[in-house]
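Take a look at the letters that make up each chain.
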Amino acid sequence: TTDLDRVRGRLYRRRCDAVFGDARCGLDLAARGFRVEASVVLGEERSVRLAGEFASDPRRYVFGSFEVLSGAQKGLTREIASAERRLDGTLRLDLDEPLPDALAGGVSARIAEGCDKRFATCRDRFANGVNFRGFPHMPGTDAALKVAKSDEAHDGRPLEV
């Protein structure tokens, strides 16, 4: 039965199925400056506060990665669920999974910007539309299953672009 669970081919989805920054994505995150190193100020179960130089818009880190570079949890990575700049200049990250232990202040970390895997983001923010691995123009189930009627826009004729 495990043979039936094996993925064969690709799934047709609107969003990209590549991992951000991998060979299929085509972006080199280190070369393009999408990664930044920082120092942990406070590391709790599901959130981390960092000091460092960050992107002007902290939302760029949502769906990105947080990686511990030093200390007892070196090598640990988590996905970033939300990010906000605090009044004291630090960056607060909420993580998708809890940390096994609290992080001590001064621990080195690396954060990478994230991608929401939409075509508009890939094209406009990263100028990488040519490598988009999704199908953004396929019709949704409402258009595919709708009955053609002559008095509606969906009358069976090709769409005018």
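Here is what the cut-offs are and how they apply
- Residues numbered from 1 in each chain as written.
- Predicted model: local features only at pLDDT ≥ 70, side-chain atom pairs only at ≥ 80, totals over all residues.
- Heavy atoms only, no water.
- Helix = DSSP H or I, 4+ residues; strand = E, 2+ residues; numbered from the N terminus.
- Buried < 20%, exposed > 50% of the residue type's maximum accessible area, 1.4 Å probe, protein only.
- Contact = heavy atoms within 4.5 Å.
- Areas by Shrake-Rupley, 256 points an atom, 1.4 Å probe, with all protein chains shown as cover.
- Phe/Tyr/Trp six-rings, centres within 6.5 Å; stacked < 30°, edge-to-face > 60°.
- Polar contact = N/O pair within 3.5 Å; in protein donor to acceptor, adjacent residues only side chain to side chain.
- Pairing = 2+ DSSP bridges.
- Core = buried A, V, L, I, M, F, W, Y, C linked by side-chain atoms within 4.5 Å.

J.: A description of the overall build of the protein chain should follow, citing residues and the corresponding values.
T.: A count of helices and strands for the protein chain gives three helices and six strands. Reading the protein chain from its N end, one meets helices and strands in the order α-β-β-β-β-β-β-α-α. Split into buried and exposed, the 161 residues of the protein chain put 29% on the buried side. Restricting to contacts in the protein chain with at least 6 residues of sequence separation, those with at least 24 account for 60%. Taken as a whole, the protein chain presents about 10,700 Å² of accessible surface, with 51% of it coming from carbon and sulfur.

J.: I'd like a rundown of the packing of aromatic side chains, residues and numbers included.
T.: Going through the model one piece at a time under the given rule, you end up with five aromatic pairs. Geometrically, the ring pair formed by F20 and F34 is tilted, given 6.4 Å between the ring centres and 55° between the ring planes. Pair noted here: F20 is in the loop between α1 (2–5) and β1 (35–43) and F34 is in the loop between α1 and β1, with a separation of 14 residues, a long-range link. Accessibility expressed as a relative area gives 8% for F34, which makes it buried. For the pair F54 and Y61, a centre-to-centre distance of 6.4 Å together with 85° between the ring planes defines the contact as edge-to-face. For the pair F54 and Y61, one class covers both residues: buried.

J.: For the side chain of T90, give the residues involved together with the corresponding values.
T.: For T90, the position within the fold is in the loop between β4 (77–85) and β5 (91–95). A polar contact is formed between the side chain of T90 and the side chain of R49, at a distance of 3.4 Å.

J.: Describe the pairing of β5, with residues and values.
T.: The alternating pattern of β5 places L91, L93 and L95 on a buried face and R92 and D94 on a face that is not buried. Sheet topology places strand β2 (residues 47–51) next to β5; four bridges connect them, and they run antiparallel. Across the sheet, R49 pairs through a bridge with R92, a residue of β5. Sheet topology places β4 next to β5; five bridges connect them, and they run antiparallel. Bridge pairing in β5 links E84 to R92. The turn joining β4 and β5, which pair antiparallel and follow one another in sequence, is formed by five residues; a positive phi near 90° is taken by G89.

J.: Account for unusual backbone geometry, with residues named and values stated.
T.: Of note in the backbone geometry, F63 takes a positive phi value of approximately 75° without being a glycine. Tracing the chain through its elements places F63 in the loop between β2 and β3 (65–68). By relative accessible area, F63 is classed as partly exposed at 47%.

J.: Break down the environment of A104 for me, with residues and values.
T.: Mapping A104 onto the fold places it in the loop between β5 and β6 (108–112). Of the residues examined, A104 reaches a relative accessible area of 49% and is grouped as partly exposed. With 60 residues separating them in the primary sequence, A104 and E44 have C-alpha atoms 9.2 Å apart.

J.: Before we move on, can you summarise the nonpolar core with the specific residues and values?
T.: Core analysis: the largest hydrophobic core is formed by 21 residues, its most contacted members being V48, L50, F54, Y61, F66, L93 and I111. If you list the elements that add at least two residues to this core, you get β1, β2, β3, β4, β5 and β6. The contact partners of F54, leaving out residues within four places of it in the chain, are V36, A38, Y61, R85, L91 and I111. Core analysis: the next-biggest nonpolar cluster, separate from the first, contains 11 residues, C25, L27, C115 and F126 among them.

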